[in-house]
Amino acid sequence: MRSIYADNSATTAIAPVVLEKMMPYFTEIYGNPSSLYRIGGKAKEALENARENIAKNLGAKSPSEIFFTSGGSESDNWALKGVCHALKSKGKKHIITSKFEHHAILHTCQALEKEGFEVTYLDVYENGIVHPEDVENAIREDTAIVSIMYANNEIGTVQPIAEIGAICKKHGVLFHTDAVQAAGYIKIDVTEQNIDLLSMTAHKIHGPKGCGLLYVRRGVKIDNLINGGAQERNRRAGTENVAGVVGLDAALQLSLDTMEERNAKLIKMRDRLIDGLLKIERSRINGDRVHRLPGNVNMCFEGIEGESLLLKLDLNGISASSGSACTSGSLDPSHVLLAIGLPHEIAHGSMRLSFSDENTEEDIDYILEKVPEIVDYLRAMSPLWEKIKKEEAAQNS
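**Q** Account for the nonpolar core, with residues named and values stated.
**A** Core analysis: the biggest nonpolar cluster contains 97 residues, and Leu198, Leu213 and Leu353 have the highest contact counts within it. Looking at this core element by element, the count peaks at nine residues for helix H9 (residues 242-257). If sequence neighbours within four positions are ignored, leucine 198 has contacts with Leu58, His176, Thr177, Ala179, Ile188, Val190, Leu213, Leu214 and Tyr215. Counting 21 residues, the second-largest nonpolar core is a separate cluster that includes Ile95, Ile105, Leu214 and Val220.

Right under this line is the structure:
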């Protein structure tokens, strides 16, 4: 039986070149970068070299705008809580975000609402795209921050970030984007795109788990999320994960160096798979077909449950998901699919396949062979599918 990993939006295998660059910081240069002795100094040098490289690759004006964190969720929490708490005394108590953000944003917004902040949750429409004019219309005098994800983690739709950034700059409102899914697949320039704060993580781009960053444009007032030591220029306490930071730097550089060729390969596989799966009766692609991540395929099949589909795929050697790994224990339909207007009964039958450059055309062939078989098998046992076919027959009679 073949074994195909098709859940790269959840996490990726660490690239050998990335692991190779990380290893000395586990076994040889393992000193605390805050220490004064030589082995600590070498660790500090690696930390600052990575900060400088990452700043250049993200279009930041200064390495001092890069703060290392434990990952995307921490960075998202810090961006929203840090800005809102810093601006609260100025009467800025309004947040703008979208209905289909990652839960690291949505749950943070809910926590801030309990503190008295107001949140506007923008619609994303059927194609999964936020309209810039909706952002502009929602801005108020007391708006503290706008947070719109760069690319959706479930349906892969890419948002008009530069347009939204320009609107926020025009109105003097801070703009944060969760770029966890976009970094390494889309060229990002925080300066040109008027991004004030940006979150990303390493493990989505063949780097290590447990290391991410928050870009904070110089001059942005933001309260600390984690207090304690003086690390990260007194902004984020805790001994730095030097090996992880080196891996983050290496993974981002590798992704950018191979982006053009890799994306072309992924788009070709993605589109062939979508075209093939759309031949299945009552199937649909979720999200815009053009403005989407190169390796993302998100489909719904009427008349079946997504959990059953995933289990059968796994039994056939295909690792897939129904959406965000952060909500994999939930039996509720995806909030992303509900946000784009799908009814519960259709949203329940969802499947996300997300690819890396390690996947092959032979993988696509196998998936196109197995998914229709599994869908037919599950529909044959489904009372919902039987009801759909009876209603269809009645309409045609």
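**Q** Let's hear about helix H11 (residues 306-315): which residues, and what values?
**A** Among all positions in H11, only Gly306, Leu309, Leu310 and Leu313 are buried. Taken end-on, H11 shows its buried residues confined to a sector of 95°, consistent with a single buried face. Exposed side of H11, more than 90 degrees from the buried face: Leu311 and Leu315 are the residues found there. In this fold, the buried residues of H11 make contact with strand E10 (296-301), strand E11 (318-319), strand E12 (350-354) and helix H14 (361-380). Looking at the residues trailing H11, positive phi occurs at glycine 317, about 85°.

**Q** Give a detailed account of a nonpolar patch on the surface, specifying residues and quantitative values.
**A** On the surface, Ile14, Leu19, Met23 and Phe26 cluster together into a nonpolar patch covering about 330 Å² of accessible area. The topology assignment puts methionine 23 in the loop between helix H1 (16-22) and helix H2 (24-27). According to the relative accessible area criterion, methionine 23 is partly exposed, its value standing at 38%.

**Q** Mind laying out the sheet that holds strand E2 (residues 66-69), listing which residues take part and the relevant values?
**A** In any sheet, the strands associate via hydrogen bonds between backbone groups, in a parallel or an antiparallel arrangement. Strand order in this open sheet of seven strands is E2-E8-E7-E6-E5-E3-E4, and the pairing throughout is mixed. Bordering the open sheet on either side are E2 and strand E4 (118-122), each of which pairs with just one other strand. Taken pair by pair, the neighbouring strands of this sheet meet at an average axis angle of 20°, ignoring direction. The pairing of strand E6 (residues 174-178) with strand E7 (residues 197-201) spans three bridges and is parallel. The partner of aspartate 178 across the bridge, within E7, is serine 199.

**Q** I'd like a rundown of the packing of helix H3 (residues 38-58) against H9, residues and numbers included.
**A** Helix-helix packing is characterised by the crossing angle of the two axes and by the distance between the axes. The geometry of H3 relative to H9 is characterised by a closest axis approach of 9 Å and an angle of 30° between their N-to-C directions. Of the possible angle classes, the one that applies to H3 and H9 is roughly parallel. Judged by the twist between their axes, the crossing of H3 over H9 is left-handed. Residue-level contacts link Ala43, Ala46, Leu47, Ala50, Asn53, Ile54, Asn57 and Leu58 of H3 to Val242, Val245, Val246, Leu248, Asp249, Leu252, Gln253 and Leu256 of H9. Looking at the contact of H3 with H9 residue by residue, the class counts come to 12 nonpolar, three polar and one charged.

**Q** Lay out the pattern of salt bridges in plain terms, naming residues and giving numbers.
**A** A full pass over the atoms with the stated rule returns 25 salt bridges. In this structure, the salt-bridge partner of glutamate 48 is arginine 51, at a minimum N-O distance of 2.9 Å. In this pair, glutamate 48 and arginine 51 are both assigned in helix H3, three residues apart and thus about one turn of the helix distant. What makes arginine 51 buried here is its relative accessible area of 2%. Residue glutamate 302 pairs with arginine 282 through a salt bridge whose shortest N-O separation is 3.2 Å. Placement of glutamate 302 in the loop between E10 and H11 and of arginine 282 in the loop between helix H10 (259-277) and strand E9 (283-285) is noted, with a sequence separation of 20 residues between them. When its relative accessible area of 18% is taken as the criterion, glutamate 302 is described as buried. Overlapping salt bridges, with partners in common, bring together Glu281, Arg282, Glu302, Lys389 and Glu392 in one network.

**Q** Quick one: what's the story with the environment of glutamine 231, residue by residue and with numbers?
**A** By the secondary structure assignment, glutamine 231 is in helix H8 (residues 231-234). Glutamine 231 sits 163 residues away from phenylalanine 68 along the chain, and the two C-alpha atoms are 9.7 Å apart. When neighbours within four sequence positions are excluded, glutamine 231 is seen to be in contact with Ser34, Arg236, Ala237, Gly238, Thr239 and Glu240.

**Q** Break down the packing of H11 against H14 for me, with residues and values.
**A** Here H11 crosses H14 at 130°, and the two axes come no closer than 10 Å. With respect to each other, H11 and H14 are oriented oblique. Judged by the sense of rotation from one axis to the other, the crossing of H11 with H14 is right-handed. On the side of H11, the interface is formed by Ser308, Leu309, Lys312 and Leu313, while H14 contributes Val371, Ile374, Val375, Tyr377 and Leu378. Across the contact of H11 with H14, the residue classes tally to seven nonpolar, one polar and one charged.

**Q** Residues and numbers for the sheet that holds E9, please.
**A** With antiparallel pairing, three strands are arranged side by side in an open sheet as E9-E10-E12. Among the strands making up the open sheet, the edge pair consists of E9 and E12. The sheet shows a mean angle of 25° between the axes of neighbouring strands, direction not considered. Here E10 runs beside E12; their pairing, made up of five bridges, is antiparallel. Considered in E12, the bridge of valine 297 is made with leucine 353.

Conventions used here
Residues take numbers from 1 onward in each chain, read along the sequence in its written order. Local features in this predicted model are restricted to residues of pLDDT 70 or higher, and side-chain atom pairs are both shown and tallied only at a pLDDT of 80 or more, whereas totals for entire chains, interfaces and linings draw on every residue. Heavy atoms from the whole structure form the basis of all side-chain values; hydrogens and water molecules are not counted. Put simply, buried Ala, Val, Leu, Ile, Met, Phe, Trp, Tyr and Cys residues joined by side-chain atoms within 4.5 Å make one nonpolar core. For each residue, the accessible area found with a 1.4 Å probe, counting protein chains only, is set against the maximum for its type, and the residue is called buried under 20%, exposed over 50%, and partly exposed in between. Helix and strand assignments follow DSSP, with helices taken as H or I runs no shorter than four residues and strands as E runs no shorter than two, numbered in order from the N terminus. What makes two residues a contact is simply this: any of their non-hydrogen atoms within 4.5 Å. In this description, one arc is meant: the one made by directions from the helix axis to the C-beta atoms. Residues with no salt bridge and a relative accessible area higher than 30% make up the patches, which join like charges within 9 Å and nonpolar side chains (Val, Leu, Ile, Met, Phe, Trp, Tyr) within 5 Å. Only the protein chains shown count as cover for residues, with accessible areas throughout obtained via the Shrake-Rupley method and a probe of 1.4 Å. Any carboxyl oxygen of Asp or Glu within 4 Å of a side-chain nitrogen of Lys or Arg constitutes a salt bridge here. Two strands pair if DSSP finds at least two bridges between them. Here an angle of 0 to 180 degrees is reported between the N-to-C directions of two axes, which are lines fitted to C-alpha atoms, with helices fitted over the stretch in contact. An angle below 35 degrees is treated as roughly parallel, one above 145 as roughly antiparallel, one from 65 to 115 as roughly perpendicular, and anything else as oblique. Each crossing gets its hand from how the near helix is turned against the far one by less than a right angle, where anticlockwise is left-handed and clockwise is right-handed. Side-chain classes follow a simple rule in which Ala, Val, Leu, Ile, Met, Phe, Trp, Tyr, Cys and Pro form the nonpolar group, Asp, Glu, Lys and Arg form the charged group, and the remainder, Gly included, forms the polar group.

Read these as layout, nothing more, since geometry by itself doesn't imply function.
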